Amino acid sequence: MTNIDSTSQVRPYRIEIPQAELDDLRDRLRRTRWAPELPGTGWERGVPTGYLRGLAEYWAGDFDWRAQEAALNAYPQFTTTVDGANVHFLHVRSAEPDATPLMLIHGWPGSVVEFLDLIGPLTDPVAHGGAPADAFHVVIPSLPGYGFSGPLPGTGWTDGRTAAALTELMARLGYDRYGVQGGDVGAFIAPLMGRAAPENVIGVHVNALLTFPTGDPAIMGALTEAERGRLAGMQEWQEKLGAYLQLQGTRPQTIAAALHDSPAGQLAWIVEKFKDWTDPKAELPEDAVDRDRILADVSIFWFTGTAGSSAHTYFERFNDFSAWAPKERGTVPTAAAVFPPDFSIRPLADQVHNIVRWSEFGHGGHFAALETPEVLVAELREFFRDLG
């Protein structure tokens with residue numbers, strides 16, 4: 001079992017990246033040795049050098065990190081030590097006394113910056129078209145090994161261990177009944193929190209939920225044409241877009257050497273995902289997500305030196321055989337939001353989770369909090385309003 005340290009104190013935190021680190025980033029970007037590209041090729045072979053160079057020039061020049069830093073520092077932030085790891089988090093309490101505590105969990109390549117546009121509507125719903133009963137107290141952690149939580153102290157940080165640490169965080173904050181929302185990696189961890197503390201977690205909301213085929217011919221034979229299309233899409237994704245997954249899951253220290261030293265490499269590694277995973281109608285990443293928000297996310301990985309430790313969590317996931325073993329169906333009420341790039345299939349999700357709400361949308365993408373924050377806010381209000 002995980003040894004949770006319940007004696008650690010919660011410490012105020014403020015983001016203050018030294019100017020020397022900003023200067024070093026800009027210097028490195030301006031000295032990048034750009035890879036030549038083959039004529040007549042585009043995104044199908046990875047991030048085009050021409051596009052990447054233009055984005056890097058903006059990052060080194062007009063991008064205002066201090067504005068992004070101030071946007072994050074506008075909210076109360078803290079750190080605490082859980083199970084030997086540092087955990088950074090935003091904690092924004094609503095003025096509404098009966099607000100529901102809610103944890104928001106990012107994925108990879110994500111950070112707390114993903115949720116900035118949700119904080120106001122969730123904590124102050126009356127000012128954003130909602131009712132007082134829609135209010136939430138919001139807790140937004142940097143996952144252990146990510147962002148301002150800093151690099152991991154050692155190996156063994158599986159999704160289950162992270163879920164246990166985050167349930168301990170909520171207990172440490174005095175919340176004994178709360179909801180959890182997560183996307184991408186967060187869609188693994190949020191349900192695990194429900195399994196770890198079903199008496200505390202009132203509901204789990206996920207987006208970008210991965211569902212896997214079962215060996216039951218009755219279930220597989222009853223899939224609709226659309227569901228079979230999603231299953232085929234997941235197979236194609238694994239074959240054509242899953243290189244990052246295999247590399248981080250099998251040789252994280254190798255890719256860490258490149259990403260930790262080259263900001264242009266770090267930028268390419270992440271911005272490719274904002275191209276591949278956002279709304280299919282978006283031609284470029286910044287057509288789906290604000291360019292400054294993308295660069296704020298990449299900057300957090302760079303300044304905190306967590307490209308490697310976040311990659312190592314994939315190695316842990318790949319090698320955590322207990323995580324992939326058959327389990328009893330979860331009991332906590334669970335809602336799923338499904339966007340066009342997602343491969344979520346309800347009959348498969350029903351085998352693992354207690355699905356009580358399933359919403360499919362014709363627009364948006366993998367980064368729901370960044371692409372369609374208003375949709376995610378509405379989903380959270382409706383789901384948790386019904387739970388009481």
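Numbering of residues starts from 1 in each chain and follows the order in which that chain's sequence is written. The predicted nature of this model means local features are confined to residues of pLDDT at least 70 and side-chain atom pairs, given and counted, to a pLDDT of 80 or more, with totals for whole chains, interfaces and linings taken over all residues. By convention in this description, side-chain values take in all heavy atoms of the structure and omit both hydrogens and water.

K.L.:
Give me the lowdown on helix H4 (residues 116-123), citing residues and values where you can.
P.N.:
Exposed residues in this analysis have more than 50% of their type's maximum accessible area, buried residues have under 20%, and partly exposed residues fall in between, with area computed by a 1.4 Å probe over protein chains only. The helix and strand labels rest on DSSP assignments: H or I over at least four residues marks a helix, E over at least two residues marks a strand, and numbering proceeds from the N terminus. By the criterion of burial, H4 is predominantly enclosed, with seven of the eight residues buried. All buried positions along H4 are accounted for by Leu 116, Leu 118, Ile 119, Gly 120, Pro 121, Leu 122 and Thr 123.

K.L.:
Can you tell me about the sheet that holds strand E7 (residues 201-207), naming the residues and giving the values?
P.N.:
Consider a sheet: its strands pair through backbone hydrogen bonds, and that pairing is either parallel or antiparallel. Reading across from one edge, E1-E2-E3-E5-E4-E6-E7-E8-E9 is the order of the nine strands in this open sheet, with mixed pairing throughout. Edge positions in the open sheet fall to strand E1 (11-13) and strand E9 (354-360), since each of these has one partner strand only. Adjacent strand axes in the sheet meet at a mean angle of 25 degrees, parallel and antiparallel pairs treated alike. A pair of strands is treated as paired once DSSP finds two or more bridges between them. Note that strand E4 (residues 100-105) and strand E5 (residues 136-141) share four bridges and pair parallel. Bridging from a neighbouring strand, Pro 101 pairs with His 137 of E5. Between two residues, a contact is recorded if the distance between any of their heavy atoms is within 4.5 Å. Axis lines are fitted to C-alpha atoms, over the contacting stretch for helices. Their N-to-C directions set the angle, which ranges from 0 to 180 degrees. Against the sheet, H4 engages strand E3 (85-92), E4 and E5, with an angle of about 160 degrees to E5. Sheet strands in contact with helix H5 (residues 159-172) are strand E2 (77-82), E3, E4, E5 and strand E6 (178-183), and its direction is about 120 degrees off that of E2.

K.L.:
I'd like to hear about the environment of Leu 245, residue by residue, with values.
P.N.:
Locating Leu 245 in the fold gives a position in helix H9 (residues 243-250). It is 8.9 Å that separates the C-alpha atoms of Leu 245 and Ala 311, two residues lying 66 residues apart in sequence. If we ignore the near neighbours within four places in the chain, the residues touching Leu 245 are Trp 237, Tyr 314 and Phe 318.

K.L.:
Help me get a handle on unusual backbone geometry, residues and values and all.
P.N.:
Glycine aside, the phi torsion of most residues is negative, and most peptide linkages are trans. Look at the link from Trp 108 to Pro 109: it is a cis peptide, with omega at 0 degrees. Positioned with a positive phi, Asp 83 is a non-glycine residue whose angle comes to about 55 degrees. In this structure Asp 83 comes out as buried when scored by relative accessible area, which is 11%. Within the chain, Asp 184 stands out as a residue other than glycine whose phi angle is a positive 60 degrees.

K.L.:
Mind laying out the pairing of E3, listing which residues take part and the relevant values?
P.N.:
Where burial is concerned, most of E3 is hidden: seven out of the eight residues are buried. Connecting E2 to the antiparallel partner E3 that follows it, the hairpin turn spans two residues, and Asp 83 within it adopts a positive phi of roughly 55 degrees. Of the strand pairs in this sheet, E3 and E5 are connected by four bridges, and their pairing is antiparallel. Residue pairing across strands places Phe 89 opposite Pro 141, the latter belonging to E5.

K.L.:
Tell me about the pattern of salt bridges, residues and numbers included.
P.N.:
Whenever a carboxyl oxygen of Asp or Glu lies within 4 Å of a side-chain nitrogen of Lys or Arg, that contact is scored as a salt bridge. Under the defined criterion, the tally for this structure stands at 18 salt bridges. Across the salt bridge formed by Asp 24 and Arg 28, the nearest N and O atoms sit 2.8 Å from each other. A residue pair is termed a helical-turn pair when its members lie 3 or 4 positions apart in one helix, as Asp 24 and Arg 28 do in helix H1 (residues 19-30) at four residues. Notably, a salt bridge pairs Arg 161 with Asp 83, separated by 2.6 Å at the nearest N-O pair. With Arg 161 in helix H5 and Asp 83 in the loop between E2 and E3, this residue pair connects regions lying 78 residues apart in the sequence. Residues participating in the shared-partner salt-bridge network are Asp 24, Arg 28 and Asp 261.

K.L.:
Can you tell me about the UniProt feature "active site" (unreviewed entry) in the protein chain, naming the residues and giving the values?
P.N.:
UniProt positions are given in the numbering used here, feature names are shortened, and annotations may be inferred rather than shown by experiment. UniProt marks Asp 184, Tyr 314 and His 366 with the feature "active site" (unreviewed entry), using the numbering shown here. Its place among the elements puts Asp 184 in the loop between E6 and helix H6 (185-196). Look at Asp 184 and you get buried, because its relative accessible area is 13%. Not counting residues up to four positions away in its chain, the partners in contact with Asp 184 are Gly 107, Trp 108, Asn 207, Ala 208, Trp 277, Tyr 314 and His 366.

K.L.:
Requested: an account of the pairing of E9, with residues and values cited.
P.N.:
Within a regular strand, the side chains alternate between the two sheet faces. For E9, a buried count of five out of seven residues is recorded, marking the element as mostly surrounded by other parts of the structure. Where strand E8 (residues 333-338) and E9 come together, six bridges link them in parallel fashion. Of the residues in E9, the one forming a bridge with Pro 333 is Asn 354.

K.L.:
I'd like a description of the packing of aromatic side chains, backed by residues and values.
P.N.:
Any Phe, Tyr or Trp ring, taking Trp's six-membered ring, that has another such ring centre within 6.5 Å forms a pair; planes under 30 degrees apart are called stacked, those over 60 apart edge-to-face, and the others tilted. Applying the stated criterion across every chain, the model contains 18 aromatic pairs. Centre to centre, the rings of Trp 108 and Tyr 314 are 5.9 Å apart; their planes meet at 80 degrees, and the pair counts as edge-to-face. Here Trp 108 is found in the loop between E4 and H4, whereas its partner Tyr 314 is found in helix H14 (residues 307-318), with 206 residues between them in sequence. Residue Trp 108 shares its accessibility class with Tyr 314, and that shared class is buried. Members of the aromatic cluster, connected to one another through ring pairs, are Trp 108, Trp 237, Tyr 244, Phe 274, Trp 277, Tyr 314 and Phe 367. Its guanidinium or amino end placed over the ring of Trp 43, Lys 275 lies 5.6 Å from that ring's centre, counting from NZ or CZ. Its guanidinium or amino end placed over the ring of Tyr 58, Arg 291 lies 3.6 Å from that ring's centre, counting from NZ or CZ. The criterion for a charge sitting over a ring is simple: Lys NZ or Arg CZ within 6 Å of the ring centre, and within 35 degrees of the ring normal.

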